[in-house]
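Report on the structure
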Amino acid sequence: MRITLTGASGFVGCNIAKVLSDRHGDDVFAERIDMTDRDEVMKHVDEHRPDAIVHCAILNDWDRMWADRQYAWDCYVEASRNYADAAREAGIPCVVVSTDWVFDGVDGNYAETDIPNPTNLYGFLKAATELVSVERGATVARVSGVNGPHWARPATPRAQDPGFGYFVASIVDALEQGTTFTVWESDLINSVASPSLASMCGEVIRTALVTPDLGGAIVHCCGSDAVTRRELAQATCQAFDLDPSLLRFDAPPAAELDGRRFPHNTSLNAEWTSRTLGTPLPTVAELLEGFRHERSTGELATL
Ligand SMILES: NC(=O)c1ccc[n+]([C@@H]2O[C@H](COP(=O)([O-])OP(=O)(O)OC[C@H]3O[C@@H](n4cnc5c(N)ncnc54)[C@H](OP(=O)(O)O)[C@@H]3O)[C@@H](O)[C@H]2O)c1
């Protein structure tokens, strides 16, 4: 397939790109254009005539997001509208990548059809993005607890944060060097989630693109297990043969919270997605084994 992919230099996007090109032999058009420029987006899609679009780019600058809300709106909602409209005009499928943070994190185990109730600006912008996307016939793919190699950058781009992204890589990097790692534990941060492997998300997204009549649906890209930060840290030690005595557990630094609100339990239920797409629901142990394989071999894991 010929696939236009945005955000291919980013963490999730580079994993999608690798799945599309390495495993499926797709032609991936990943040229970076300004996703907020509607004319440029339309022109780009018109010129390349792809068979499908995956929109994964995001403004990942939280301070700027809060400081310039119009720009944030343009980068999230308008950019997604641009790609969903371009796909609809071209008559091709489109997947827009979203997040488990559209949910409030009160109950957890959220199904694809559960109604979002975001707790912060990021979640709100993603929920609004989902709405304009599905209304235009795009498929929304919520990724959660994303871990895996960053194929486009040699080092882990950031350390622990109030979410689950990069959590495993941060632990592995620290413990491999023999240094301690303090796992943050607090009711005020994202404390329970459903981990995924970024390449697994890419595979679910690729499957969604070729599944008939999926436009307007929401799929969940994650494994079968919901885990706490502590459980994921301990499972990481087991999967990567690392010394668990180097783990510490403490509250996050106050500066990390910065007066912002985070959803507590954003675990997802992906059973409908798995049944509909025929994609697997790996356990956390299987996901971590896949990550270890990818990290040590540079090859995609098969789950
Ligand atoms: N990472 C996670 O743990 C996680 C969890 C849940 C959901 N997600 C979702 O996954 C998606 C990707 O996130 P990520 O973590 O992979 O982000 P990332 O690593 O920060 O990558 C962001 C990508 O967007 C591109 N981009 C930024 N501004 C742009 C603009 N104005 N026009 C065009 N491209 C632009 C960046 O290109 P440059 O590098 O050239 O700026 C980069 O390729 C998002 O939808 C996010 O909500 C991620």
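Higher on the page you've got the structure.
The structure reproduced in this document is the subject of the present report. On a predicted model such as this, the values are computed, not experimentally measured, just so you know.

Turning to the site of the ligand, a few remarks are in order. Not every one of the 23 residues close to the ligand is listed here, only the nearest: Ser 9, Val 12, Arg 32, Tyr 122 and Lys 126. Residue Ile 33 places a main-chain N or O atom 3.3 Å away from a nitrogen atom belonging to the ligand. Between the ligand and the protein, one listed contact pairs an oxygen atom with a side-chain N or O atom of Asn 60 at 2.9 Å. Among the secondary structure elements, those contributing two or more residues to the shell around the ligand are helix 1 (11–23), strand 4 (94–99) and helix 5 (121–135). For the shell around the ligand, the element with the most residues is strand 4, which contributes 3 residues. Considered class by class, the residues forming the shell around the ligand number 13 nonpolar, 7 polar and 3 charged.

The backbone of Arg 49 shows a phi angle near 45°, a positive value even though the residue is not glycine. The topology assignment puts Arg 49 in the loop between helix 2 (38–48) and strand 3 (52–55). For Arg 49, a relative accessible area of 57% gives the class exposed. Look at Asn 109: it is not a glycine, yet its phi comes out positive at around 55°. Turning to its location among the elements, Asn 109 is positioned in the loop between strand 4 and helix 5.

So, on to empty space enclosed by the protein. Counted by the stated rule, this structure contains 1 cavity of 30 Å³ or more. By volume, the largest cavity is sized at about 50 Å³. Sorting elements by how many residues they give to the lining of the largest cavity places helix 11 (residues 284–297) first, with 3 residues. Broken down by class, the residue content of the lining of the largest cavity amounts to 7 nonpolar, 2 polar and no charged.

Taking 1.5 Å of rise per residue, the 15 residues of helix 5 would be expected to cover 21 Å, and the 21 Å separating its terminal C-alpha atoms lies within 8% of that figure. The element helix 5 is extensively covered by neighbouring structure, given that 11 of its 15 residues are classed as buried. Those residues of helix 5 lying buried are Leu 121, Tyr 122, Gly 123, Leu 125, Lys 126, Ala 127, Ala 128, Thr 129, Glu 130, Val 132 and Ser 133. Lining the buried residues of helix 5 we find helix 3 (62–67), helix 4 (69–90), strand 4, strand 5 (139–143) and strand 10 (218–221). Just past helix 5, the residue Gly 137 takes up positive phi, approximately 90°.

For the rest of this paragraph, the subject is the nonpolar core. Ranked by internal contacts, the top residues of the largest apolar core, which has 54 residues, are Ile 16 and Leu 175. Grouped together as the second largest cluster of nonpolar side chains are 32 residues, Ala 57, Ala 86, Leu 125 and Ile 189 included.

Rules behind the numbers
- Sequence order sets the numbering: in each chain, residues are counted from 1 along the sequence as written.
- Local features are withheld for residues below a pLDDT of 70 in this predicted model, meaning they are given only at 70 or higher, and side-chain atom pairs are given and counted only at 80 or more; totals for whole chains, interfaces and linings count all residues.
- Side-chain measures were taken over the full set of non-hydrogen atoms in the model, leaving aside hydrogen atoms and water.
- A molecule or strand has a residue near it when one of that residue's heavy atoms lies within 4 Å.
- We define a polar contact as two N or O atoms separated by no more than 3.5 Å, with the added condition that, inside protein, one atom must be a possible hydrogen donor and the other a possible acceptor, whereas residues neighbouring each other in sequence contribute only through side-chain atom pairs.
- Helix and strand labels come from DSSP, where a helix needs a run of H or I of at least four residues and a strand needs a run of E of at least two; each type is numbered from the N terminus.
- Under the scheme applied, nonpolar residues are Ala, Val, Leu, Ile, Met, Phe, Trp, Tyr, Cys and Pro; charged residues are Asp, Glu, Lys and Arg; polar residues are all the others, including Gly.
- Type-normalised accessible area, obtained with a 1.4 Å probe on protein chains alone, sets the label of each residue: buried when under 20%, exposed when over 50%, and partly exposed for intermediate values.
- Here a cavity means grid points, on a 1 Å grid over the protein atoms only, where a 1.4 Å probe fits yet cannot get out; a pocket means an open set of points with protein on both sides within 12 Å along at least five of seven lines; lining residues are those with an atom within 4 Å of a point.
- Grid points are joined across faces, edges and corners, and a volume is the space filled by probe spheres set on the points.
- What a helix is expected to span follows from its residue count: subtract one and scale by 1.5 Å.
- Here a residue-residue contact requires only that any non-hydrogen atoms of the pair lie within 4.5 Å.
- Put simply, a nonpolar core is a bunch of buried Ala, Val, Leu, Ile, Met, Phe, Trp, Tyr and Cys residues held in one set by side-chain atoms that sit within 4.5 Å of each other.

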